Amino acid sequence: MEIIDGVNIPDELMEAHNRGELVFFVGAGASMAPPTNFPSYRQLAEELAKEAGYEKPKKSDLEHLDGFIGSLSDDGITAHEYVK
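Conventions used here
Residues numbered from 1 in each chain as written. Predicted model: local features only at pLDDT ≥ 70, side-chain atom pairs only at ≥ 80, totals over all residues. Heavy atoms only, no water. Helix = DSSP H or I, 4+ residues; strand = E, 2+ residues; numbered from the N terminus. Buried < 20%, exposed > 50% of the residue type's maximum accessible area, 1.4 Å probe, protein only. Areas by Shrake-Rupley, 256 points an atom, 1.4 Å probe, with all protein chains shown as cover. Lys, Arg positive; Asp, Glu negative; His and termini not counted. Charge placed at Lys NZ, Arg CZ, Asp CG, Glu CD. Salt bridge = Lys/Arg side-chain N within 4 Å of Asp/Glu carboxyl O. Core = buried A, V, L, I, M, F, W, Y, C linked by side-chain atoms within 4.5 Å. Contact = heavy atoms within 4.5 Å.

Before going further, it helps to examine the overall build of the protein chain. Counting secondary structure elements, the protein chain contains four helices and two strands. When the elements of the protein chain are put in sequence order from the N terminus, they spell out β-β-α-α-α-α. When its C-alpha atoms are laid out on the principal axes, the protein chain stretches across 50 × 25 × 25 Å. For the protein chain, buried positions account for 18% of its 84 residues. Here the protein chain has roughly 6700 Å² of accessible surface; of this, 54% comes from carbon and sulfur atoms. Of note, the protein chain has its 7 positive side-chain charges centred 9 Å away from the centre of its 16 negative side-chain charges.

Right, here's the structure in full:
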């Protein structure tokens, strides 16, 4: 079965899913393509930093983006509110 253009899922898997025997786990990258065009986590961190008046996250911050994004709340920028 073709769910979207170019993505074919075998009928056996779809049947198992319909019976409640299979759950599909899709990575966050799936939402980066059209029609959603959501940013990558790094791009989101950069947008949040800009909103808070910071420069782009430093290379050392890239390994700890959760901590970097969380630290923005110290300056009044909450990631949850901004992303909404």
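The next point concerns the pattern of salt bridges. Applying the stated criterion to the full structure yields two salt bridges. Ionic pairing is found between Arg19 and Glu21, a salt bridge with its closest N-O pair at 2.9 Å. Owing to a relative accessible area of 56%, Glu21 belongs among the exposed residues under this scheme. Its salt-bridge partner being Arg42, residue Glu46 comes within 2.9 Å of it at the nearest N-O pair. In this pair, Glu46 and Arg42 both sit in helix H2 (residues 41–51), four residues apart, roughly one turn of the helix.

Quick look at unusual backbone geometry now. In the Ramachandran plot, Asn37 falls in the positive-phi region, its phi being about 55° despite a non-glycine side chain. By the secondary structure assignment, Asn37 is in the loop between helix H1 (11–18) and H2. Judged by its relative accessible area of 48%, Asn37 is partly exposed.

Listed in full, the eight residues of the largest apolar core are Leu44, Ala45, Leu48, Ala49, Leu65, Phe68, Ile69 and Leu72. If you list the elements that add at least two residues to this core, you get H2 and helix H3 (65–71). A total of four residues in this core trace back to one element, the largest contributor, which is H2. The contacts of Leu65, once residues within four sequence positions are left out, are Tyr41, Arg42 and Ala45.

Function cannot be inferred from these measures alone, as they are strictly geometric.
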